[in-house]
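# Reading the structure
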Amino acid sequence: MSVIPISYYLVLSAVLFGLGVVAFVFKRNVITVFMSVELMLNAVNLAFVAFARAHGQVDGLAYVFFVIVVAAAEAAVGLAIVVMLAQNRESLNVERMNSLKF
Amino acid sequence: MIFPAILFFVCALLAIVGAVMVILAREPIHSALALILVMMSLAVLYLLLGAEFIAAVQILVYAGAIMILFVTVIMVINAGVEERTDFSKIAKFAGLPLGFFLLLETAHWLYHSAIGAAIANGPGAHAEAFSTRELSTELFRRYLLPFEATSILILIAVLGALVLARKDE
């Protein structure tokens with residue numbers, strides 16, 4: 001069961017987090033930017049579970065549980081905001097959302 | 001005991017391919033489906049790490065509820081192909097090499113640091129899986145207050161989503 005070193009999971013978590021950051025910066029649609037946040041949260045969850053496993057403690061799993069719950073709440077509110085944006089504007093491009101800019 | 005290793009590498013590859021697909025896909029719906037692939041392979045990795053409950057929650061809440069919400073919203077607002085904008089010349093010629101250099105330097109530092117050594121030589125994975133009973137005991141004893149706080153948070157999120165999505169009269 002324990003043939004895979006814990007560092008492999010951490011490297012995978014770092015790679016996924018990096019890809020999430022790249023997606024967050026490069027994507028232009030509000031929804032895909034939002035999805036890349038979810039990708040980063042998933043990467044962090046993997047690191048939590050790997051560390052919990054390495055130290056044999058359940059606390060990491062409890063934190064993952066809370067992260068998932070908060071992500072669900074965040075998705076509900078965030079997607080409601082996206083629907084509002086889609087109703088009030090013609091485009092979902094983040095570069096057009098500059099009404100708070102000087 | 002070669003089977004877990006094969007499973008790990010297949011799932012890790014699927015997760016990375018899915019994450020790259022999230023970036024490369026032009027249509028938001030393709031990004032969403034690729035993200036579901038990432039979440040499913042992460043659920044398999046959680047099973048491999050012995051966290052059965054978290055794997056189940058990952059599939060039920062993340063791949064189920066949250067991504068269904070994403071796909072529904074994409075279909076409702078009919079999000080088409082996203083426009084691409086060129087990024088500036090400074091970003092292309094200075095930003096990308098500097099960012100790559102920063103990545104290399106961080107990796108080099110981590111490789112030679114005490115933290116990196118502690119992670120690499122640290123405690124290996126424990127043999128026994130986490131039991132859901134153990135996790136729930138922890139959740140309802142030590143983390144009871146945060147647990148109750150999340151229920152209030154979800155109530156507030158539901159109210160906030162309702163207020164935002166309501167049509168003005």
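Residues numbered from 1 in each chain as written. Chains lettered and ligands numbered in written order. Predicted model: local features only at pLDDT ≥ 70, side-chain atom pairs only at ≥ 80, totals over all residues. Heavy atoms only, no water.

### Regarding the overall build of chain A
Each helix and strand counted, chain A has 3 helices and 0 strands in total. Helices and strands appear in chain A in the N-to-C order α-α-α. Principal-axis analysis of the C-alpha atoms places the extent of chain A at approximately 55 × 25 × 25 Å. When the 102 residues of chain A are sorted by exposure, 56% land in the buried category. Sequence separation of 24 or more characterises 57% of the internal contacts of chain A that already satisfy a separation of 6 or more. (Helix = DSSP H or I, 4+ residues; strand = E, 2+ residues; numbered from the N terminus. Buried < 20%, exposed > 50% of the residue type's maximum accessible area, 1.4 Å probe, protein only. Contact = heavy atoms within 4.5 Å.)

### A short note on the domain arrangement of chain B
Taken domain by domain, chain B comprises domain 1 (1-81), domain 2 (89-123) and domain 3 (130-169). Each of domain 2 of chain B and domain 3 of chain B has a C-alpha centre, and the two are 36 Å apart. (Domains from an automatic or database assignment.)

### Considering the interface of chain A and chain B
Contacts between the two partners involve 68 residues from chain A, matched on the other side by 70 residues from chain B. Between chain A and chain B, roughly 6300 Å² of surface is buried when both sides are summed, and carbon and sulfur atoms account for 78% of that area. At the boundary of chain A and chain B, one finds 1 salt bridge. A salt bridge links Asp 59 of chain A to Arg 142 of chain B, with the shortest nitrogen-to-oxygen separation between them at 2.9 Å. On the surface where chain A and chain B come into contact, there are 9 residue pairs in polar contact (both at pLDDT 80 or more). Looking at the side of chain A that touches chain B, the elements with two or more residues in it are helix H1 (6-26), helix H2 (30-55) and helix H3 (59-88) of chain A. (Buried area = accessible area lost by both parts, 1.4 Å probe. Salt bridge = Lys/Arg side-chain N within 4 Å of Asp/Glu carboxyl O. Polar contact = N/O pair within 3.5 Å; in protein donor to acceptor, adjacent residues only side chain to side chain.)

### Points about empty space enclosed by the protein
In the structure shown here, the tally under the stated rule is 2 cavities of 30 Å³ or more. Considering only enclosed or pocket space, the second largest cavity measures out at about 40 Å³ in volume. Leu 61 of chain A together with Gly 50, Ala 51, Glu 52, Phe 53, Ile 54, Phe 130, Ser 131, Thr 132 and Leu 135 of chain B are the residues that line the second largest cavity. Per-element tally for the lining of the second largest cavity: the top contributor is helix H3 (residues 52-76) of chain B, with 3 residues. (1 Å grid on protein atoms, 1.4 Å probe; cavity = no way out; pocket = protein on both sides within 12 Å on 5 of 7 lines; lining within 4 Å. Points joined across faces, edges and corners; volume = space filled by probe spheres on them.)

### A short note on the nonpolar core
Ranked by size, the top nonpolar core spans 70 residues in total, and within it Tyr 9, Ile 31 and Leu 61 of chain A together with Leu 45 of chain B carry the most contacts. Looking at this core, the elements with two or more residues in it are H1, H2 and H3 of chain A together with helix H1 (3-24), helix H2 (28-48), H3 and helix H6 (132-141) of chain B. Top element by residues in this core is H3 of chain A. It accounts for 13 residues. Taken together, domain 1 (1-81) and domain 3 (130-169) of chain B each give at least three residues to this core, which thus spans both. Here Leu 61 of chain A is in contact with Val 49 and Ala 52 of chain A together with Ala 51, Ile 54, Phe 130 and Leu 135 of chain B, once residues within four sequence places are set aside. (Core = buried A, V, L, I, M, F, W, Y, C linked by side-chain atoms within 4.5 Å.)

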